[in-house]
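If you want the building blocks of each chain, they are given just below.
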Amino acid sequence: MIRDMLQKFKDAMIRFLSGRYGSDKLNLALLGGALALMILGAVGRRSWLSVCSLLAYVPLIWSIFRMYSRNVEARRRENAAFLRFFSRLKDREHCYFHCPGCRQTVRVPRGRGKISIRCPKCGMQFIKKT
Ligand SMILES: [Zn+2]
């Protein structure tokens, strides 16, 4: 009887979790952000910092939503955009520009002064300072 119920519960859990997205780097960052905000909110309980403990729900709920999402493709794209954003922040050797013709992102070496850039996608040339 109890064994039967447990089996049913297990089946239901497996059904519930199958096809869900799960966790990735973006979710870890969201959870880390939520934790940091909660700590800030707890430390500054009697000051304006206390709003942080409310703000912490935003990344928390977002990460839970992403984890249980069935739209795997959209979640993967979000994570890829997030990783790209961070690798650019860390990249001290290149500049990133958007091509004025087609919005394609173009990466060029940093510290070369004013250079003419040719978009690899549409061939448009534009001048930027690096
Ligand atoms: Zn272009």
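Everything numeric here is computed off the predicted structure, so don't read it as measured data. (Residues numbered from 1 in each chain as written. Predicted model: local features only at pLDDT ≥ 70, side-chain atom pairs only at ≥ 80, totals over all residues. Heavy atoms only, no water.)

## What about the domain arrangement of the chain?
Interfaces are often sized by the amount of accessible area the parts lose when they come together.
Argument step 1. Domains assigned within the chain are domain 1 (17-90) and domain 2 (93-130).
Argument step 2. Using C-alpha coordinates to define each centre, domain 1 is positioned 32 Å away from domain 2. (Domains from an automatic or database assignment.)

## Considerations on the pairing of strand 4 (residues 125-129)
Argument step 1. Sheet topology note: the strand 3 (residues 114-118)/strand 4 ladder contains five bridges and is antiparallel. By the bridge assignment for strand 4, Arg118 is matched with Gln125.
Argument step 2. Between the antiparallel neighbours strand 3 and strand 4 lie six residues, among them Gly123 with a positive phi of about 80 degrees. (Pairing = 2+ DSSP bridges. Helix = DSSP H or I, 4+ residues; strand = E, 2+ residues; numbered from the N terminus.)

## Comments concerning the coordination of the zinc ion
Ideal geometry at a metal centre: 109.5 degrees between donors when four sit tetrahedrally, and 90 or 180 degrees when six sit octahedrally.
Argument step 1. Protein coordination of the zinc ion is provided by Cys99 (SG), Cys102 (SG), Cys119 (SG) and Cys122 (SG), with donor distances spanning 2.3 Å.
Argument step 2. Geometry at the zinc ion is tetrahedral, judged from the four donor atoms that bind it and their angles of 107 to 114 degrees at the metal.
Argument step 3. Binding-site remark: the zinc ion is held by donors from one chain whose sequence spacing is C-x2-C-x16-C-x2-C. Separated by 20 residues along the polypeptide, Cys99 in the loop between strand 1 (94-98) and strand 2 (105-109) and Cys119 in the loop between strand 3 and strand 4 bring together distant segments of the chain.
Argument step 4. Overall, Cys99 belongs to the buried group, its relative accessible area being 0%. (Donors = N, O, S within 2.8 Å, 3.2 Å for Na, K, Ca; no water. Tetrahedral: all angles 85-135°; square planar, octahedral: opposite > 155°, others 65-115°. Buried < 20%, exposed > 50% of the residue type's maximum accessible area, 1.4 Å probe, protein only.)

## Structural notes on the packing of aromatic side chains
Argument step 1. As enumerated under the stated definition, the model contains three aromatic pairs in all.
Argument step 2. Centre to centre, the rings of Phe85 and Phe86 are 6.0 Å apart; their planes meet at 80 degrees, and the pair counts as edge-to-face.
Argument step 3. By relative accessible area, which is 39% here, Phe86 ends up partly exposed.
Argument step 4. Taken together, the ring pairs connect Phe82, Phe85 and Phe86 into an aromatic cluster.
Argument step 5. Geometry around Phe16 places Arg20 over its ring, the cationic atom sitting 4.4 Å from the centre.
Argument step 6. Here the basic side chain of Arg88 rests over the ring of Tyr96, its NZ or CZ set 4.8 Å away from the ring centre. (Phe/Tyr/Trp six-rings, centres within 6.5 Å; stacked < 30°, edge-to-face > 60°. Lys NZ or Arg CZ within 6 Å of the ring centre and 35° of its normal.)

## Observations concerning the nonpolar core
Argument step 1. Of all hydrophobic cores here, the largest spans nine residues; its members are Cys95, Phe97, Cys99, Val106, Val108, Ile115, Ile117, Cys119 and Phe126.
Argument step 2. Put simply, the parts of the chain that give this core at least two residues each are strand 1, strand 2 and strand 3. (Core = buried A, V, L, I, M, F, W, Y, C linked by side-chain atoms within 4.5 Å.)

## Here we look at the pattern of salt bridges
Argument step 1. Applying the stated criterion to the full structure yields four salt bridges.
Argument step 2. Among the ionic pairs, Arg66 bridges to Asp24, the shortest N-O distance being 3.1 Å. Of this pair, Arg66 sits in helix 4 (residues 57-67) while Asp24 sits in the loop between helix 1 (2-17) and helix 2 (25-43), and the two are 42 residues apart along the sequence.
Argument step 3. A relative accessible area of 11% means that Asp24 is categorised as buried.
Argument step 4. Salt-bridge contacts for Arg75 lead to Glu78; the nearest nitrogen and oxygen are separated by 2.9 Å. Pair noted here: Arg75 and Glu78 are both in helix 5 (residues 72-90), with a separation of three residues, about one helical turn.
Argument step 5. Accessibility expressed as a relative area gives 7% for Arg75, which makes it buried.
Argument step 6. A relative accessible area of 25% means that Glu78 is categorised as partly exposed.
Argument step 7. Counted as one network, the salt bridges with shared partners bring together Asp24, Arg66, Arg75 and Glu78. (Salt bridge = Lys/Arg side-chain N within 4 Å of Asp/Glu carboxyl O.)

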